[in-house]
Amino acid sequence: TGGSAAMVGPALMWLGGSLDFGWMARCPRFAELRASPTNERLAEVEMRSLLVSSDARTRDPTLATLFYVPLWEVVSFRVGRCENTTHRDRMRAAWSALRVSPYWKPRRGRPAGADHLLASTGCVEDNLKLSQRLGNLLGPLLIPTIFGRDRAYSPYYKYSGIGRCTVEIPYVSNPHATALRRARGAYPAGDEPFGGALSLSETDDYRAAGLSDEQAAEVVLAAGAALDAARAGGRRRWLLSFQGSMHKDDLCCQPGKDIRRAVARLARAGRDVSIIDVPRNLSRARRVGSYDGGAWARLYEAQAALMVQSNYCLIPYGDTEVTSRLYTAIAAGCVPVVIANRLSGAFASIVPYADLWLKVDQATFLAKPKELLGRLRAISAAGLLERQRALHAHVADVVYDWPDSRVAANFLRTAAAGCEATRVDMPRLASVTYRQDDRRYADDRRSASLWSAECTCVREPPTLWWGPSGEIDRRRRGVWPTEVCRCNHCSTLCEVDNKTIGEGHPAGDGRGGGADGMARSIILRAEHTEHRGDGAGARSRLHHRVTVIASAVTSDARRPGRARTRRKGEGAAA
């Protein structure tokens, strides 16, 4: 079922100037952001860290196919004034540098910027969406680019769907989960999935995760408790856990409100279940006496400890379907139980999520929430162990701070196959050209002018562990999970009957990526044995090169406008 994609050639990474925001790590508030739950939205920081040291770099711009721009827009917005510059100053300086860059020019029949790559998992920050944070100069300039985002936004979401093509990349997982897992020694040679000795000697790991020596000692003690639970029959202390908001006033919209209320019903459903309500709204938190200056940092640590001690972690719909909990659960070795029908997961054509998680239909859970516990208890120890091993096999695919992380490599491969290729031929996604006489898709013609007439469609619906069975209505549009989007109707199943929606192109029809020979095939779903050896050897086999362009230009910027009313489904992740 597909799996080939266009191969891209080498490129350069050129750091410095107004397009490289790495200097902002020196800002006083940066460390505070990294130690708080806001850290989940700092994929821009982690991606730069991986790409700057990647073997995928070249320093010859004439060889470049993808140009990576290390813009830290969330950090800039959250930090505010730093080293005599404001967020507006920095966005204006980036706009000035980019528009005069010698690499910002039309290539291969595409507009300037079509081969430029950025990353941001910021959603709604202080009621401002991405385009509004970028400002009315930089935002419009970046429309032709490829953007790694918290989910694959379609151009319909004009304030969040910046870029001609968006790729879902992971939220940053809770770094305390990685520290805990490394402290206990993950997956030794034996059958026991969580064996290994505890040690205080790995303080560098804890410091890298933002923990003090005293906190590191607490982490080891927590890991010891989790280890004891894991060794007792191969299971951890908790069957199922969740820590997050469940109050109706903490969530913006449906179905998140109803799903979180149903989750609350599990709180007293068993001694092996831990459901913790954490108020998101600080005024409410003060009323219940649970907030002080360091509360969020402590809750952030507690979330990781809870997941490391759990066999299954609940990943319910919140304001939207996307959440950092998914990636923290994977880092913690906790099997995700996903109650969010439209959640794709980053790099879903590379990562076999059906082997990692248990996906539950939203309506089925709402009808019988407590039945979920019986179904989980019925899973054998061997079945649990199989999924835990699958989590370990793929944790480096989606967790930035895991040793020999493959996140950056997967981002480049997915961007090349899903955005750079004229035709999309991936394990989960394919191309479709909508008929010009089909009025339902007329709004995609504007998007086509930016790159090609090819839209993406999802080959098959997701596999449900618990949910309805029967025929799938393939004509339903906009509801199917996708990891790449380059048209308004990307969340649509590929139609078997082309008369219904559009005309798909069969594999091998000769449609290529242009005269430069971007073309014909690499297998996107990699053989992961290729990556399990030494990290440097694995990275050297990557075919992508990435370019970070940066030039030194400084000037003023105008303040981004205030947010307008949210469109449905465009809220911040809960």
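Cut-offs and rules
- Residues numbered from 1 in each chain as written.
- Predicted model: local features only at pLDDT ≥ 70, side-chain atom pairs only at ≥ 80, totals over all residues.
- Heavy atoms only, no water.
- Helix = DSSP H or I, 4+ residues; strand = E, 2+ residues; numbered from the N terminus.
- Buried < 20%, exposed > 50% of the residue type's maximum accessible area, 1.4 Å probe, protein only.
- Contact = heavy atoms within 4.5 Å.
- Areas by Shrake-Rupley, 256 points an atom, 1.4 Å probe, with all protein chains shown as cover.
- Axes fitted to C-alpha atoms, helices over the stretch in contact; angles between N-to-C directions.
- Parallel < 35°, antiparallel > 145°, perpendicular 65-115°, else oblique.
- Nonpolar A, V, L, I, M, F, W, Y, C, P; charged D, E, K, R; others polar.
- pLDDT = per-residue confidence, 0-100.
- Polar contact = N/O pair within 3.5 Å; in protein donor to acceptor, adjacent residues only side chain to side chain.
- Pairing = 2+ DSSP bridges.
- Salt bridge = Lys/Arg side-chain N within 4 Å of Asp/Glu carboxyl O.
- Disulfide = S-S within 2.5 Å.
- Expected span 1.5 Å × (residues − 1).
- Core = buried A, V, L, I, M, F, W, Y, C linked by side-chain atoms within 4.5 Å.
- Right-handed = clockwise from strand over helix to strand, strands pointing away.
- Left-handed = near helix turned anticlockwise from the far one by under 90°.

Turning our eyes to something else, we now look at the overall build of the protein. When helices and strands are tallied, the protein shows 19 helices and 14 strands. Within the protein, the fraction of its 574 residues that count as buried is 60%. Considering only intrachain contacts with a sequence separation of at least 6, the fraction spanning at least 24 residues in the protein is 76%. Accessible surface, the protein as shown: approximately 22600 Å² in total, 50% of it carbon and sulfur.

Interaxial distance between helix α4 (residues 87-99) and helix α5 (residues 130-141) falls to 8 Å at its minimum, and their mutual angle equals 10 degrees. It follows from the interaxial angle that α4 and α5 lie roughly parallel. Contacts from H87, M91, R92, A94, W95, L98 and R99 in α4 reach R133, L134, L137, L138 and L141 in α5. In terms of residue class, the contact of α4 with α5 is built from 8 nonpolar, 1 polar and 3 charged.

What follows deals with the confidence of the model for the protein. On average, residues of the protein carry a pLDDT of 75, and 68% of them reach 70 or more. Every residue in residues 1-10 is under pLDDT 50, and counting partners more than four places away or in other chains gives 48 contacts.

Locating T178 in the fold gives a position in helix α6 (residues 175-184). For T178, a relative accessible area of 4% corresponds to the buried category. Of the polar contacts made by the side chain of T178, one reaches the side chain of D401; its length is 2.9 Å. When near neighbours in sequence (up to four residues on either side) are disregarded, T178 contacts S173, A331, V399, D401 and W402.

The next subject is the sheet that holds strand β9 (residues 358-359). Read across the sheet, 5 strands follow the order β6-β5-β7-β8-β9 without closing on themselves; strand pairing throughout is parallel. Of all the strands in the sheet, the pair left with one neighbour each is β6 (273-277) and β9. In the sheet, strand β5 (residues 238-244) pairs with strand β7 (residues 310-316) via 3 bridges, with the strands oriented parallel. Note on β7: the bridge partner recorded for W238 is S310. Against the sheet, helix α16 (residues 381-398) touches β7, β8 (335-339) and β9, its axis set at about 95 degrees to β8.

Our next topic: the pattern of salt bridges. Counted under the stated rule, the structure contains 21 salt bridges. For the salt bridge of D20 with R48, the shortest nitrogen-to-oxygen distance reads 2.8 Å. In this pair, D20 is assigned in the segment before α1 (30-34) and R48 in helix α2 (residues 43-52), connecting sequence segments 28 residues apart. No difference in accessibility class separates D20 from R48, as the two residues are buried. Sharing partners across several salt bridges, the network here consists of E40, R41, R78, E125 and D126.

This part covers the environment of L33. Mapped onto the secondary structure, L33 falls in helix α1. L33 sits in the buried class, given a relative accessible area of 4%. A C-alpha to C-alpha distance of 8.0 Å links L33 and V75, two positions 42 residues apart in sequence. For L33, the contacting residues outside a window of four places in its chain are T38, N39, L42, V75, R78 and V79.

Turning next to the state of the cysteines. Going through the model one piece at a time under the given rule, you end up with 7 disulfides. Disulfide partner of C252: C253, at an S-S distance of 2.3 Å. We classify C253 as buried; its relative accessible area is 18%. With no disulfide partner, C123 has as its closest neighbouring cysteine sulfur the one in C252, 9.0 Å distant.

Turning our eyes to something else, we now look at helix α17 (residues 407-420). With 14 residues, α17 should cover 20 Å at 1.5 Å per step; its first-to-last C-alpha distance of 18 Å lies within 8% of that length. Across the 14 residues of α17, 14 count as buried, placing the element largely inside the fold.

So, about the nonpolar core. Counting 93 residues, the largest nonpolar core has M47, L240, Y312 and Y353 as its most contacted members. Ranked by the residues each element gives to this core, the list is headed by α17, at 7 residues. The contacts of L240, once residues within four sequence positions are left out, are L266, D272, V273, S274, Y312, C313, L314, V337, L372, L373 and L376. Counting residues in each nonpolar core, the second largest holds 30 residues, with L98, A112, L118 and F147 among its members.

Right, let's get into α5. Taking 1.5 Å of rise per residue, 12 residues should cover 16 Å, yet α5 covers just 13 Å from first to last C-alpha, more than 12% shy of that figure. Of all 12 residues making up α5, 9 are buried, and the element is well covered by its neighbours. Every buried residue of α5 is listed here: L130, S131, Q132, R133, L134, G135, L138, G139 and L141. Those residues of α5 that are buried lie in contact with α3 (73-79), α4 and β3 (146-149).

Here the focus is the pairing of strand β2 (residues 116-119). Burial along β2 is two-sided: H116 and L118 and L117 and A119, pointing in opposite directions, are all buried. Note that strand β1 (residues 66-68) and β2 share 2 bridges and pair parallel. Residue pairing for β2: Y68 is matched across the bridge by L117. Pairing analysis gives 3 bridges linking β2 to β3, with the strands arranged parallel. If you follow L118 over to β3, its bridge partner there is F147. Note that the unit made of β2, α5 and β3 has a crossover that is right-handed.

Mapped onto the elements of the fold, T320 is located in the loop between β7 and α12 (325-332). Looking at T320, the relative accessible area reads 2%, which means it is buried. Looking at T320, its side chain comes within polar contact range of the main-chain nitrogen of V322, at 3.3 Å.

Viewed as axis vectors pointing N to C, α12 and α16 meet at an angle of 135 degrees, and their least axial separation amounts to 8 Å. Of the possible angle classes, the one that applies to α12 and α16 is oblique. For α12 against α16, the interelement crossing comes out left-handed. Judged by residue contacts, Y327, I330 and A331 of α12 engage L391, V395 and V398 from α16. Among the residues forming the contact of α12 with α16, the class breakdown is 6 nonpolar, no polar and no charged.

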